[in-house]
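A closer look at the structure
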Amino acid sequence: MFRFFPKWSIKPGKGPKWELNRRTGLVTVYQHSKKGSPEEEQAPFYEFDAYLTNEMIPPGQVVHTLYLVHRYRPILLPIGNLIGKTTGEECFALWDMFQNFMDTSRPLPDIPLWEEFRSKDPITAEHDRQTGRPARYWRDMDDETWKQKESEMMSKVRSLTTPHRPNLMRQHVRYVS
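In what follows, the accompanying structure is described. Just so it is clear, the model here is predicted, and its values are computed rather than measured.

**With respect to the sheet that holds strand S5 (residues 61-70)**
Strand pairing within a sheet occurs via backbone hydrogen bonds; the two strands may be parallel or antiparallel. Overall, antiparallel pairing links the 3 strands, which are arranged S4-S5-S6 in an open sheet. Looking at the sheet topology across the chains shown, the edges are occupied by strand S4 (48-57) and strand S6 (76-77). Both S4 and S5 contribute to a ladder of 10 bridges, which runs antiparallel. From the neighbouring strand, threonine 53 faces S5, where its bridge partner is threonine 65.

The structure is reproduced here in C-alpha cells:
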C-alpha cells in the first residue's frame, strides 16, 4: 500500500489540535474539516480544570492521562498525550508546568524545552538579566551536570503534592452534589 499508493496511505497532518498562548492567556481548540481553514474555539486558560484519568492496560498495568476540561463548555483536551501514558506524578508535573507557563507574572519554567524562547518573553528576559542566567544554560551544560539536574528535577516531580493542595476554586465556584 505504501509503495503503490503513497499519497493515499501517508498524509500530512492538518495542523495543531490545540494551543496554549502565554501572551493572550487563551486556549485555542482547532476543529479541522476536509475543506477550508479550521474552525477555532477559544477560552481563557483559567476556565480550565485538570483531570487525571486511570486506565488499565494489559497485563494489568495502570496508566494515567491528563486532560484539560473547560468548566462551562464541552471542550476536552488530552494534554497528557504529550508525555504518553505515564505515572500520576508525571501528569501532576505536566499540569504544574502548564500553569507556570501560562502565569505571565512569573518567568517561563527553567527547563530545556523553553530555553530558546526565554529571550523573547519580557518577564523571563528581565528575570534572566537580573539573575545572570546564561542564555545557553541547558545547551552548554556538561553531561555530569545534566545528569545531576535531571535527577534533581525528577526528585521535585516525585515530591509534588498536587492532590493534597487546597481547592482554591471552592472560593469561586458553587459545587452541586
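**Examining the pairing of strand S2 (residues 26-31)**
A regular strand places its side chains on the two faces of the sheet in alternate fashion. Bridge analysis of strand S1 (residues 18-21) against S2 gives 4 bridges, and the strand direction is antiparallel. The partner of leucine 20 across the bridge, within S2, is valine 27. What sits between S1 and S2 in their antiparallel hairpin is a turn of 4 residues, with glycine 25 showing a positive phi close to 75°.

**Topic: the nonpolar core**
Core analysis: the biggest nonpolar cluster contains 20 residues, and Leu20, Phe45, Phe48, Leu68, Leu77 and Ile79 have the highest contact counts within it. At the level of secondary structure, the elements contributing two or more residues to this core comprise S2, S5 and helix H2 (88-102). Sort the elements by how many residues they give to this core and H2 lands first, with 7 residues. Setting aside residues no more than four positions away along its own chain, leucine 20 makes contact with Leu26, Val27, Phe45, Leu68, Phe98, Phe101 and Met102.

**Side note on the environment of asparagine 100**
On the secondary structure map, asparagine 100 appears in helix H2. Overall, the relative accessible area of 19% leaves asparagine 100 in the buried class. Spatially, the C-alpha atoms of asparagine 100 and arginine 22 are 9.8 Å apart, while their sequence positions differ by 78 residues. Ignoring anything within four residues of it in the chain, the contact list for asparagine 100 reads Arg22, Arg106, Pro107 and Pro109.

**A look at the pattern of salt bridges**
Within the structure shown, the criterion is met by 11 salt bridges. Between arginine 136 and aspartate 140 there is a salt bridge, and its shortest N-O distance comes to 3.0 Å. Taking the shortest distance from any N to any O, the salt bridge between lysine 149 and glutamate 152 comes out at 3.9 Å. Taken together, the residues lysine 149 and glutamate 152, both in helix H4 (residues 143-158) and 3 residues apart, mark about one turn of the helix. With relative accessibility at 22%, the residue lysine 149 sits in the partly exposed group. Members of the salt-bridge network, linked through shared partners, are Asp110, Glu115, Arg118, Asp128, Arg133 and Arg139.

**Here we look at the packing of H2 against H4**
Running from N to C, H2 and H4 cross one another at 100°; their axes reach a closest spacing of 8 Å. By the angle between their directions, the pair H2 and H4 is classed as roughly perpendicular. Counted together, Glu89, Glu90 and Ala93 of H2 and Met154, Val157 and Arg158 of H4 form the full contact between these two elements. Residues that form the contact of H2 with H4 fall into these classes: 3 nonpolar, no polar and 3 charged.

The rules we used
Residues numbered from 1 in each chain as written. Predicted model: local features only at pLDDT ≥ 70, side-chain atom pairs only at ≥ 80, totals over all residues. Heavy atoms only, no water. Pairing = 2+ DSSP bridges. Helix = DSSP H or I, 4+ residues; strand = E, 2+ residues; numbered from the N terminus. Core = buried A, V, L, I, M, F, W, Y, C linked by side-chain atoms within 4.5 Å. Buried < 20%, exposed > 50% of the residue type's maximum accessible area, 1.4 Å probe, protein only. Contact = heavy atoms within 4.5 Å. Salt bridge = Lys/Arg side-chain N within 4 Å of Asp/Glu carboxyl O. Axes fitted to C-alpha atoms, helices over the stretch in contact; angles between N-to-C directions. Parallel < 35°, antiparallel > 145°, perpendicular 65-115°, else oblique. Nonpolar A, V, L, I, M, F, W, Y, C, P; charged D, E, K, R; others polar.

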